[in-house]
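One-letter residues, chain by chain:
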Amino acid sequence: MPELPEVEVTRRSFAQAIEGATVTRVALGKALRWPLGLAPDSLVGGRVGAVTRRGKYLWLPVSAPVAEGGLLLHLGMSGSLAFSAAPQSTPSAPGPHDHFDLYTDRGLLRLNDPRRFGAVVWSPAFDQPPAAKLLAGLGLEPFDPRFTGEYLRAGLSGRRVAVKSALLAGDIVVGAGNIYACESLFLAGIDPRLAASKVSRPRAERLAQAVRGVLAQALEAGGTTLRDFKDAHGVAGSFQMQASVYGREGLPCLRCDTPVRRIVQGQRSTFFCPKCQKK
Ligand code: ZN
């Protein structure tokens, strides 16, 4: 599943190229998770603004003669966005898994999504429904200066679940998906099974730093290669190569040589070092 770093890498790969472009045609494939919410033709003639990201959503502003607002995009489980600057006089025909095509005078932005849990939803503004409703309940961005150890500790304190599950919920901080939650807890030396409410202040500080560090590293590496992630230019990421525990069950811990363990928490695999990570 595309995680926050992959979504951000995708955004960076086409945001500049598409900003200021004019929409020339919109083509829809099979139904995605939610309907578009306006007639596709209403976007024609619209000018594309600066693409931003919130959590795993991308916001693509469009200012059209008959519609002012933007498209909120989500890659779901298996979605990927590709921007091809090919001349639009020779558009490539959509394949069986291409379900949203935004043709512009600068190139084609195409959403490929075999499992169709992704979405493209029109909203009159980023802070109005339906966008505001879909984004409600998201935690802080990991690089938001307000995301501190103290904030994390306060967020975890009232929870009865394990610290890893609390991170995964995404309502304290976004971005700590399964891979990054495992890696962050390893870096912070915290057992993923520890009750969220028992995370001390100094450990919350280390964990907040670890979350930021791991996500920054993933961004720098171009996202993970898990599940064939590619950015909008078809370049595969490389974060998987650097994972300390994720996907390494039975292999020696990079720090202490103890075999990495895999357990299941909330139906998701958790990888951790039973020696380096303490309750
Ligand atoms: Zn270890």
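Quick caveat, the model's predicted, so the values are computed rather than measured. (Residues numbered from 1 in each chain as written. Predicted model: local features only at pLDDT ≥ 70, side-chain atom pairs only at ≥ 80, totals over all residues. Heavy atoms only, no water.)

Moving on, we come to the packing of aromatic side chains. Evaluation of the coordinates by the stated rule reveals three aromatic pairs. Here Phe147 and Tyr151 contribute two aromatic rings whose centre-to-centre distance is 6.2 Å and whose plane-to-plane angle is 80°, an arrangement assigned as edge-to-face. With relative accessibility at 28%, the residue Tyr151 sits in the partly exposed group. For the ring pair Tyr246 and Phe271, a centre distance of 5.1 Å and an interplane angle of 65° mean the geometry is edge-to-face. (Phe/Tyr/Trp six-rings, centres within 6.5 Å; stacked < 30°, edge-to-face > 60°. Buried < 20%, exposed > 50% of the residue type's maximum accessible area, 1.4 Å probe, protein only.)

Among all residues save glycine, negative phi is the norm, and among peptide bonds the norm is trans. The omega torsion of the bond from Pro129 to Pro130 falls at 0°, within 30 degrees of zero and hence cis. Relative to the assigned elements, Pro130 resides in the loop between strand S9 (119-123) and helix H2 (131-135). You will see that Arg116, though not glycine, has its phi angle at about 60°, which is positive. If you trace the backbone, Arg116 turns up in the loop between strand S8 (108-112) and S9. Relative accessible area serves as the criterion here: at 32%, Arg116 is assigned to the partly exposed category. (Helix = DSSP H or I, 4+ residues; strand = E, 2+ residues; numbered from the N terminus.)

The next thing to look at is the nonpolar core. Leu152, Leu156, Val163, Leu167, Ile190 and Leu207 are the most contacted members of the largest nonpolar core, which has 37 residues in total. Secondary structure elements with two or more residues in this core: helix H3 (149-157), helix H4 (163-168), helix H5 (178-188) and helix H6 (201-221). Ranked by residue count, the leading element in this core is H6, at eight residues. Of all hydrophobic cores here, the second largest spans 29 residues; its members include Leu43, Leu60, Ala64 and Leu81. (Core = buried A, V, L, I, M, F, W, Y, C linked by side-chain atoms within 4.5 Å.)

Of note, Ala216 is situated in helix H6. Spatially, the C-alpha atoms of Ala216 and Pro142 are 9.3 Å apart, while their sequence positions differ by 74 residues.

So, on to the pattern of salt bridges. Close approach of charged atoms allows side chains of opposite charge to pair. The full count for this structure, using the stated rule, is 13 salt bridges. Of the charged contacts, one joins Lys56 and Glu3 as a salt bridge, the two residues approaching to 3.8 Å between their closest N and O atoms. With Lys56 in the loop between strand S3 (52-54) and strand S4 (57-63) and Glu3 in the segment before helix H1 (4-18), this residue pair connects regions lying 53 residues apart in the sequence. Salt bridges here are not isolated pairs; linked through shared partners, they connect Glu8, Arg11, Arg12, Arg53, Arg54 and Glu141. (Salt bridge = Lys/Arg side-chain N within 4 Å of Asp/Glu carboxyl O.)

By volume, the largest pocket is sized at about 470 Å³. Considering only residue class, the lining of the largest pocket consists of 13 nonpolar, eight polar and five charged. Both domain 1 (4-135) and domain 2 (149-272) contribute no fewer than three residues apiece to the lining of the largest pocket. (1 Å grid on protein atoms, 1.4 Å probe; cavity = no way out; pocket = protein on both sides within 12 Å on 5 of 7 lines; lining within 4 Å. Points joined across faces, edges and corners; volume = space filled by probe spheres on them. Nonpolar A, V, L, I, M, F, W, Y, C, P; charged D, E, K, R; others polar. Domains from an automatic or database assignment.)

A separate point is the pairing of strand S7 (residues 98-104). With seven of seven residues buried, S7 lies mostly within the body of the structure. Two strands pair when backbone bridges link them, and strand S1 (residues 23-28) and S7 are joined in this way by five bridges, in the antiparallel orientation. Looking at the pairing, Ala27 lines up with Asp101 of S7. The hairpin formed by S7 and S8 contains three residues between the paired strands, and Gly107 there has a positive phi angle of roughly 150°. (Pairing = 2+ DSSP bridges.)

Spatial strand order, S1-S7-S8-S6: four strands in an open sheet with antiparallel pairing. The open sheet has two free edges, formed respectively by S1 and strand S6 (80-84), since each of these has just one partner strand. Strand after strand, the sheet turns through a mean of 15° between neighbouring axes, direction not considered. Across five bridges, the pairing between S7 and S8 is antiparallel. Looking at S8, one finds that Asp98 is bridged to Asn112. In this fold H1 packs onto S6, S7 and S8, with an angle of close to 35° to the strand it touches most, S6. (Axes fitted to C-alpha atoms, helices over the stretch in contact; angles between N-to-C directions. Contact = heavy atoms within 4.5 Å.)

Assigned domains of the chain: these are domain 1 (4-135) and domain 2 (149-272). The gap between the C-alpha centroids of domain 1 and domain 2 is 29 Å.

Tracing the chain through its elements places Thr270 in strand S11 (residues 268-272). A polar atom in the side chain of Thr270 sits 2.9 Å from the side chain of Lys164. Dropping the residues within four chain positions of it, Thr270 is found in contact with Lys164, Cys182, Pro192, Arg261, Arg262, Ile263 and Gln265. (Polar contact = N/O pair within 3.5 Å; in protein donor to acceptor, adjacent residues only side chain to side chain.)

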